[in-house]
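# Examination of the molecular architecture
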Number of protein chains: 2
Amino acid sequence: MQQLEERILRDGIVKDGGILKVDSFLNHQMDIALFERMGQEFRRLFAGSPVTKILTIEASGIGIACIAARYFGVPVIYAKKTKSMILDGEFLTVKVESFTKKICYDIMVAKRYLSPQDHVLIIDDFLAKGNALAGLINIVKQAGAQVTGCGIAIEKGFQNGGKRIRETGIRLESLAIVESMENGVIRFQR
Amino acid sequence: MQQLEERILRDGIVKDGGILKVDSFLNHQMDIALFERMGQEFRRLFAGSPVTKILTIEASGIGIACIAARYFGVPVIYAKKTKSMILDGEFLTVKVESFTKKICYDIMVAKRYLSPQDHVLIIDDFLAKGNALAGLINIVKQAGAQVTGCGIAIEKGFQNGGKRIRETGIRLESLAIVESMENGVIRFQR
């Protein structure tokens with residue numbers, strides 16, 4: 001999506017260790033007009049596919065998912081992250097390893113909000129190693145629901161998360177795929 | 001706001017210890033059509049007041065704030081919660097005590113996203129003791145910006161958070177004020 005790529009080139013900051021900072025418009029301060037364009041693009045990409053719920057994960061996916069949900073007319077569920085969980089049987093849970101934070105955490109969704117009748121579009125802001133996304137897919141499958149696909153704002157194409165998800169046959173659409181960031185120069189895969 | 005009150009009566013669950021669970025439509029699963037009505041109501045209530053940014057706090061405030069921002073045409077910033085913070089001078093921070101979780105945490109906003117020229121509308125899903133809201137107000141003041149007001153989805157009128165904030169002269173608008181929940185019966189303040 002050209003508008004997102006242009007914004008990444010203008011305002012994204014490349015940091016050591018393969019970090020791309022986009023917190024001026026995507027995940028600390030959020031440009032809602034841009035999110036609306038992204039929501040429309042997700043709607044265009046998944047036109048004709050059944051979507052009954054959008055699933056995302058706290059915290060940075062929530063804004064994009066909520067704005068996108070306007071174009072699908074469906075509720076949003078956000079998975080919660082927790083380190084100390086009381087398993088009372090009411091939650092679908094999966095363990096996820098964080099690439100940037102080097103920790104393991106559990107993610108959880110209340111069972112009653114996903115049913116076998118649901119067709120779920122998973123939305124998140126970033127895709128790198130794909131651990132969080134794989135966790136969300138696992139949760140949808142635990143519920144017996146269908147994964148319609150995954151919509152990502154920014155995919156780091158030079159890490160293997162996207163490849164790993166696509167190889168499972170799940171449809172994955174990223175609005176911008178960063179191919180490389182060598183010497184601070186951001187290049188996109190087209 | 002009548003539509004929100006009706007939804008609380010229909011789907012809210014009163015739990016021991018003064019807890020009101022509304023996670024089927026407000027803060028786990030999110031009803032975006034309801035959020036749009038809430039956003040329109042915030043716009044109506046703060047019509048004529050200057051708003052250049054909306055500030056909220058992760059995670060449950062983000063969805064409401066993003067949808068509301070559509071009606072104000074401004075960006076949203078969400079304050080991040082953290083227990084172990086590296087103070088590198090780039091962040092405005094304040095310590096907050098959580099009523100429900102019985103822990104202390106720091107909340108932080110990058111300095112560069114709030115300036116003395118900003119007029120900030122603070123939006124959150126819940127107001128009980130008001131500690132998080134007081135923290136957000138503190139952050140805006142640290143930045144030298146103006147607090148235009150606070151917009152809350154559900155205020156627990158029987159706790160003292162709303163009183164405390166209003167006594168400071170800050171405008172606070174809650175879309176539903178729960179007056180009591182005795183014996184599981186929810187009554188609203190009108």
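Figured I'd write up the structure that's included with this text.

Calculation rules
- Residues numbered from 1 in each chain as written.
- Chains lettered and ligands numbered in written order.
- Predicted model: local features only at pLDDT ≥ 70, side-chain atom pairs only at ≥ 80, totals over all residues.
- Heavy atoms only, no water.
- Phe/Tyr/Trp six-rings, centres within 6.5 Å; stacked < 30°, edge-to-face > 60°.
- Lys NZ or Arg CZ within 6 Å of the ring centre and 35° of its normal.
- Least-squares fit on C-alpha atoms with pLDDT ≥ 70 in both.
- Contact = heavy atoms within 4.5 Å.
- Helix = DSSP H or I, 4+ residues; strand = E, 2+ residues; numbered from the N terminus.
- Buried < 20%, exposed > 50% of the residue type's maximum accessible area, 1.4 Å probe, protein only.
- Polar contact = N/O pair within 3.5 Å; in protein donor to acceptor, adjacent residues only side chain to side chain.
- Salt bridge = Lys/Arg side-chain N within 4 Å of Asp/Glu carboxyl O.
- Pairing = 2+ DSSP bridges.
- Right-handed = clockwise from strand over helix to strand, strands pointing away.

## Side note on the packing of aromatic side chains
A full pass over the atoms with the stated rule returns zero aromatic pairs over all chains. Between B:Arg171 and the ring centre of B:Phe46, over which it is positioned, the NZ or CZ distance is 4.5 Å.

## Observations regarding the relation of the copies chain A and chain B
In screw terms, the move from chain A to chain B is a rotation of 180 degrees and a rise of 0.0 Å along the axis, fitting with an RMSD of 0.0 Å. In short, the pair behaves as if placed about a two-fold rotation axis. Looking at chain A, 100% of its interface residues are interface residues in chain B too, so the copies touch through the same face.

## Let's talk about the environment of B:Arg164
Residues and elements named next belong to chain B. Looking at the secondary structure, you find Arg 164 in helix 5 (residues 161–167). In this structure the C-alpha to C-alpha distance between Arg 164 and Ala 134, which are 30 residues apart in sequence, comes to 9.0 Å. Contacts of Arg 164, omitting those with residues within four sequence positions, involve Lys 129, Gly 130, Asn 131 and Ala 134.

## Digging into the environment of B:Tyr71
Residues and elements named next belong to chain B. Tracing the backbone shows Tyr 71 in helix 3 (residues 62–72). For Tyr 71, a relative accessible area of 22% translates into the label partly exposed. Considering only alpha carbons, one finds Tyr 71 and Val 109, 38 residues apart in sequence, at a separation of 23 Å. With near-sequence residues (within four places) excluded, Tyr 71 lies in contact with Glu 36, Gly 39, Gln 40 and Arg 43. A polar atom in the side chain of Tyr 71 sits 3.2 Å from the side chain of Gln 40. A polar atom in the side chain of Tyr 71 sits 3.3 Å from the side chain of Arg 70.

## A look at the pattern of salt bridges
Tallying each qualifying case throughout the model produces 29 salt bridges over all chains. A salt bridge links B:Arg10 to B:Asp11, with the shortest nitrogen-to-oxygen separation between them at 3.2 Å. Two residues, B:Arg166 and B:Glu155, come together in a salt bridge whose shortest N-O distance is 2.9 Å. Of this pair, B:Arg166 sits in helix 5 while B:Glu155 sits in strand 9 (residues 146–156), placing them 11 residues apart in sequence. The exposure class of B:Glu155 is buried, given its relative accessible area of 4%. One salt-bridge network, held together by shared partners, links A:Arg7, A:Arg10, A:Asp11 and A:Asp31.

## Examining the pairing of strand 4 (residues 53–57) of chain B
Consecutive side chains along a regular strand alternate between the two faces of the sheet. All names here are of chain B. Among the five residues that make up strand 4, five are buried, leaving the element largely enclosed by the rest of the structure. With three bridges joining them, strand 4 and strand 8 (residues 119–127) adopt parallel strand pairing. Bridging across to strand 8, Ile 54 finds its partner in Leu 121. Pairing analysis gives four bridges linking strand 4 to strand 5 (residues 76–82), with the strands arranged parallel. Note on strand 5: the bridge partner recorded for Ile 54 is Val 76. As a crossover connection, the stretch from strand 4 through helix 3 into strand 5 is right-handed.

The analysis is restricted to geometry; functional conclusions fall outside its scope.
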